[in-house]
Amino acid sequence: MKRPIIIDTDPGIDDIVAITAALFSDKLDVKLITTVGGNVGITHTTRNAVDLVTFLGRNTPIAKGVDEPLVNKPKTASQVHGSSGVGTYQFEAEGNTALLSKEHAVIELRNNIIDAAVPITLVAIGPLTNIALLFKMFPETKENIKEIVLMGGAIEGGNATPVAEFNIFADPHAAKIVFDSAIKIFMCGLDVTRLTSVTAGDVAKVKEQGTVGEMIAEMLAYYKQTYSDDAITIHDLCTILYLTHPDLFQTKRAKVNVVTEGEAAGHTVVNDSDDGNVFVCVDADVEAFREEFIQVFVETI
Ligand code: RIB
Ligand code: CA
């Protein structure tokens, strides 16, 4: 049976790759996509989600979420993803706005989780503002969440600051609420996303796979300006490949504290713990990851 998931996202080029991989997987059932402000503002992240789902010929429901963090001022990553969030790429067809719920993302998250026959896996690949609000407004939803698979944080290092990863740094107060929720979390942080980079050669193979491959390749051509030909780090893709190929990844169990104020704001303090709720990804089979990245698109044509 397919695993029911909800993706909370701030597309964003690596989000686009992750969402496409999820929609193409025969192991995952994407029940809902909720958008959040992050890489770019909520108007662009929501439009990108609608345009992508339309382009892929799917009818996955989408709900627009929160634009700004709980406390801090918004920070974007438009220098990485372009002002639109998808580099220079232009979806040809007008997005099907009928996909968009009239309800706010937090309400749709509540409705989809509370009524789910099978506990939902939450895939969080942007700032955690929507998820934090869900837990504050509807704490009962925690009972029907199997686990949260998130891209965020790091044992060491950062990309928004020397000690903080963007998704956590963008809204550390929301991240603290989520990590303190005691729900099982698979944390796919920079430690593993930086390990599982793909190459320009891998992307060239994807480009050969029809219009979807061409779309992915054009977006990554913009995105790789921040990276390099030999190490294109598609951070968010890690969460989906963990769900479809868990054996590629190694984790360690921990408790994670999020620093919310001061110079280290957004830092994730990873304390090893035999009864921690967080499974932090520490290693992966890089060759196999790169091959699975290519296969996502090969199998779709
Ligand atoms: O640090 C990488 C994360 O921040 C990814 O989710 C990327 O899309 C940005 O949101
Ligand atoms: Ca993202």
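Look up: the structure comes first, before these words.
These numbers come from a predicted model, not from an experiment.

Rules used throughout
- Residues numbered from 1 in each chain as written.
- Chains lettered and ligands numbered in written order.
- Predicted model: local features only at pLDDT ≥ 70, side-chain atom pairs only at ≥ 80, totals over all residues.
- Heavy atoms only, no water.
- Helix = DSSP H or I, 4+ residues; strand = E, 2+ residues; numbered from the N terminus.
- Polar contact = N/O pair within 3.5 Å; in protein donor to acceptor, adjacent residues only side chain to side chain.
- Contact = heavy atoms within 4.5 Å.
- Core = buried A, V, L, I, M, F, W, Y, C linked by side-chain atoms within 4.5 Å.
- Buried < 20%, exposed > 50% of the residue type's maximum accessible area, 1.4 Å probe, protein only.

(A) How the structure looks around the side chain of Asn-277. Mapped onto the elements, Asn-277 comes out in the loop between β8 (268–272) and β9 (278–284). Side-chain polar atoms of Asn-277 contact the backbone oxygen of Ile-183, separated by 2.9 Å. In this structure, Asn-277 is in contact with Phe-179, Ala-182, Ile-183, Lys-184, Ile-185 and Ala-254, ignoring residues within four places of it in sequence.

(B) Representation of the nonpolar core within the structure. Counting residues in hydrophobic clusters, the biggest one holds 61 residues, and the most contacted among them are Met-215, Ile-216, Leu-220, Phe-249 and Phe-293. Setting aside residues no more than four positions away along its own chain, Leu-220 makes contact with Ile-13, Val-17, Val-203, Ile-232, Ile-234 and Phe-293. In terms of nonpolar packing, the next biggest core, distinct from the first, is built from 34 residues, Ile-6, Ile-113, Val-178 and Val-270 among them.

(C) Broad picture of the environment of Asp-272. Structurally, Asp-272 can be placed in strand β8. Residue classification places Asp-272 among the exposed residues on the basis of a relative accessible area of 57%. Considered as a pair, Asp-272 and Phe-55 are 217 residues apart in the sequence and their alpha carbons are 43 Å apart. Contacts of Asp-272, omitting those with residues within four sequence positions, involve Lys-252, Arg-253 and Ala-254. Polar contacts involving the side chain of Asp-272 include one to the side chain of Lys-252, which spans 2.9 Å.

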